[in-house]
Amino acid sequence: MLLILIRAVPFAILFAVARMGDLLGLGVLGITVGLRLLTSGIILKELKDAEGLKSLYLLPLRDIFGLIFFALALTKRTVVWRGIKYKLINNGKMVPIRKEELKIRPKI
């Protein structure tokens, strides 16, 4: 539930859409995007990150995709990392899937 504090831009977009683009919805969206860009810009400037400052305009898009991939990560039980496919087992451990397991074995 606290993801709304970290990823405020997608939720502000949803709020603006839910309000059908009225003044309040667009105002909340504008303030949210402005504050996100301002705070990130200040941090990047203090860190002297010129590349980050150049691509700062992409930050709202990154927030939207971040939320989408977060939701997908909660629904998927397999992942491919460095060419190896892993599955999530019941105790939360990631184990590699062997090629033998991928083939359908006849039940005896």
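Structure shown above.
Residues numbered from 1 in each chain as written. Predicted model: local features only at pLDDT ≥ 70, side-chain atom pairs only at ≥ 80, totals over all residues. Heavy atoms only, no water.

### Some remarks on the environment of Ile89
For Ile89, the location among the structural elements is in the loop between strand 2 (84-88) and strand 3 (94-96). Ile89 gets classed as partly exposed once you look at its relative accessible area, which sits at 28%. Leaving out residues up to four positions away in the same chain, Ile89 has contacts with Arg77 and Val95. (Helix = DSSP H or I, 4+ residues; strand = E, 2+ residues; numbered from the N terminus. Buried < 20%, exposed > 50% of the residue type's maximum accessible area, 1.4 Å probe, protein only. Contact = heavy atoms within 4.5 Å.)

### What about helix 2 (residues 8-18)?
The complete set of buried residues in helix 2 reads Val9, Pro10, Ala12 and Ala16. Taken end-on, helix 2 shows its buried residues confined to a sector of 160 degrees, consistent with a single buried face. Those residues of helix 2 that are exposed and angled more than 90 degrees off the buried face are Leu14 and Ala18. The secondary structure elements touched by the buried residues of helix 2 are helix 3 (23-46) and helix 5 (59-75). Phi for Met20, located one or two positions after helix 2, is positive at around 60 degrees. (Arc of directions from axis to C-beta.)

### Some details on the packing of aromatic side chains
Applying the stated criterion across every chain, the model contains two aromatic pairs. Between Phe65 and Phe69, the ring centres sit 6.4 Å apart and the planes meet at 25 degrees, which makes this aromatic pair stacked. Of the two residues, Phe65 and Phe69 both sit in helix 5, four residues apart, roughly one turn of that helix. A relative accessible area of 53% places Phe69 in the exposed class. (Phe/Tyr/Trp six-rings, centres within 6.5 Å; stacked < 30°, edge-to-face > 60°.)

### Re helix 3
Along its 24 residues, helix 3 runs 34 Å from first to last C-alpha, staying within 8% of the 34 Å computed at 1.5 Å per residue. On its buried face, helix 3 sits against helix 2, helix 4 (50-54) and helix 5. After helix 3 finishes, the residue Lys48 shows a positive phi value of roughly 55 degrees. (Expected span 1.5 Å × (residues − 1).)

### Comments concerning the sheet that holds strand 3
Spatially, 1-2-3 is the arrangement adopted by the three strands of the open sheet, whose pairing is antiparallel. On the outer flanks of this sheet lie strand 1 (78-81) and strand 3, each paired with one strand and no other. Geometrically, the sheet is characterised by an average inter-axis angle of 35 degrees between neighbouring strands, direction not taken into account. As judged from the three bridges shared by strand 2 and strand 3, these two strands associate in the antiparallel manner. Note that in strand 3 the partner of Tyr86 across the bridge is Pro96. (Pairing = 2+ DSSP bridges. Axes fitted to C-alpha atoms, helices over the stretch in contact; angles between N-to-C directions.)

By themselves, these are just geometric observations and shouldn't be taken as functional.
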